[in-house]
Amino acid sequence: MNEISNRTIMVLLVATIVISLGGTFISLSAVNNRLTSIGLAPITGFATVPNATATVTVNTVASIRFSAATVAFSSGSVDTAGGFNNCTLSTIVANSGCTDFLEVSNGFTIENDGNTNLSVELRSNQTAAQFIGLGSALFLWNVTVNESGSCVNITGREDVVNPNTTADCGTFNTSTDNGATPCGAIFEAVSTTNKNICPRLLFADANDALNIDINISIPSDAPTGAKLTGLIVTGTTT
Ligand SMILES: [Ca+2]
Ligand SMILES: [Ca+2]
């Protein structure tokens, strides 16, 4: 004998209730007609069935935060005595052509701490020239997934952060990505207008974080002094 599906059970249950209520209505109508015909008030009250319900509505919260919000290379200078014209500071590879600056091995991390998937955009509040004070300076960024599978596109393909590293290219599947370029430049110049770095950053805590690494090149003739710049991330419900 075939098992009856849940769907079929539900349909039958609904049909049974409709028939039962219909029968009650017909019976009440007959009684009321009879009461009215003999000058009595019709039945207007209905028995109430006590019940209790508990309801909880979880509202959608779009929220994103920097879980690692500071990169500080401290102070230093270009190693001109060593023959370098530029000092390159990076959160991915060792500094190069520099003296005294700190090695920083972790960039920024952003995390989706709400309960809805987010499209993520990133911008810098300064260009390289504004940040370092010289047009030949470089200020570059790179985005990678901090937890595997954190960022997907609308069809669910993973590792679609942009710009990304060659490490992300290995999982690219040409058959499911409509021929789009799998990997951007490893580092690219920061943008002072919003750039989408992840079409859909997931919210479940195990897979909800992105890395933003930076690379700064300081020419030997850059003006001295403390330099400070900011990155602004925007998450939009998708
Ligand atoms: Ca996480
Ligand atoms: Ca989360």
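Residues numbered from 1 in each chain as written. Chains lettered and ligands numbered in written order. Predicted model: local features only at pLDDT ≥ 70, side-chain atom pairs only at ≥ 80, totals over all residues.

**Focus: the overall build of the protein chain**
Heads up, the rule is: Strands here mean DSSP runs of E at least two residues long; helices mean DSSP runs of H or I at least four residues long; both are numbered from the N terminus. Three exposure classes are used. Buried residues have 20 or more other C-beta atoms within 10 Å of their own C-beta, exposed residues have 12 or fewer, and partly exposed residues fall in between, all C-beta atoms being placed from the backbone. Residues are defined as contacting one another if the C-beta atoms placed from their backbone atoms lie within 7 Å.
In terms of helices and strands, the protein chain carries two helices and 12 strands. Going from N to C terminus, the protein chain has its helices and strands arranged as α-β-β-β-β-β-β-α-β-β-β-β-β-β. Split into buried and exposed, the 238 residues of the protein chain put 24% on the buried side. Long-range contacts, defined as pairs at least 24 residues apart, comprise 69% of the intrachain contacts of the protein chain with a sequence gap of at least 6.

**A word on the sheet that holds strand 10 (residues 195-201)**
Pairing between the strands of a sheet is mediated by backbone hydrogen bonds and can be parallel or antiparallel. The following threshold applies: Here, any two strands with at least 2 DSSP bridges between them count as paired.
Here we have four strands laid out as an open sheet, ordered 8-10-6-12, and antiparallel in their pairing. Unpaired on one side and paired on the other, strand 8 (151-152) and strand 12 (231-237) mark the two borders of the sheet. The pairing of strand 6 (residues 118-124) with strand 10 spans four bridges and is classified as antiparallel. Residue pairing in the sheet places Leu122 in a bridge with Lys195 of strand 10.

**A look at the confidence of the model for the protein chain**
Worth spelling out the cut-off: Predictor confidence is given residue by residue as pLDDT, running from a minimum of 0 to a maximum of 100.
With 69% of its residues at a pLDDT of at least 70, the protein chain reaches an overall mean of 77. When the criterion is pLDDT under 50, residues 1-26 qualifies, and its contacts beyond four places in sequence or with other chains add up to one contact. Here residues 165-182 scores under 50 on pLDDT; set against residues more than four positions off or in separate chains, the count is 21 contacts.

**Re unusual backbone geometry**
Unusually for a residue other than glycine, Ser74 sits at a positive phi of about 60 degrees. Along the polypeptide, Ser74 turns up in the loop between strand 1 (64-68) and strand 2 (77-78). According to the C-beta neighbour criterion, Ser74 is exposed, with 9 such atoms within 10 Å. One non-glycine residue, Asp100, lies in positive phi territory at about 75 degrees. Tracing the backbone shows Asp100 in the loop between strand 4 (98-99) and strand 5 (108-112).

**So, the nonpolar core**
In plain terms, the rule: We define a nonpolar core as a collection of buried residues of the types Ala, Val, Leu, Ile, Met, Phe, Trp, Tyr and Cys that are connected via C-beta atoms lying within 7 Å of each other.
Judged by nonpolar contacts, the single largest core of 33 residues is most densely connected at Ile110, Val120, Leu201, Leu210 and Ile212. Mapped by element, the contributors of at least two residues to this core are strand 3 (86-90), strand 5, strand 6, helix 2 (128-132), strand 7 (138-145), strand 10 and strand 11 (209-219). Of the residues forming this core, the biggest block, six residues, is contributed by strand 11. Contacts of Ile110, omitting those with residues within four sequence positions, involve Ile64, Arg65, Phe66, Ser67, Ala209, Leu210, Ile212 and Val233.

**Brief notes about the environment of Leu138**
Along the polypeptide, Leu138 turns up in strand 7. A C-alpha to C-alpha distance of 7.0 Å links Leu138 and Ile218, two positions 80 residues apart in sequence. Among all residues touching Leu138, those that are not within four sequence positions of it are Ala128, Asn215, Ile216 and Ser217.

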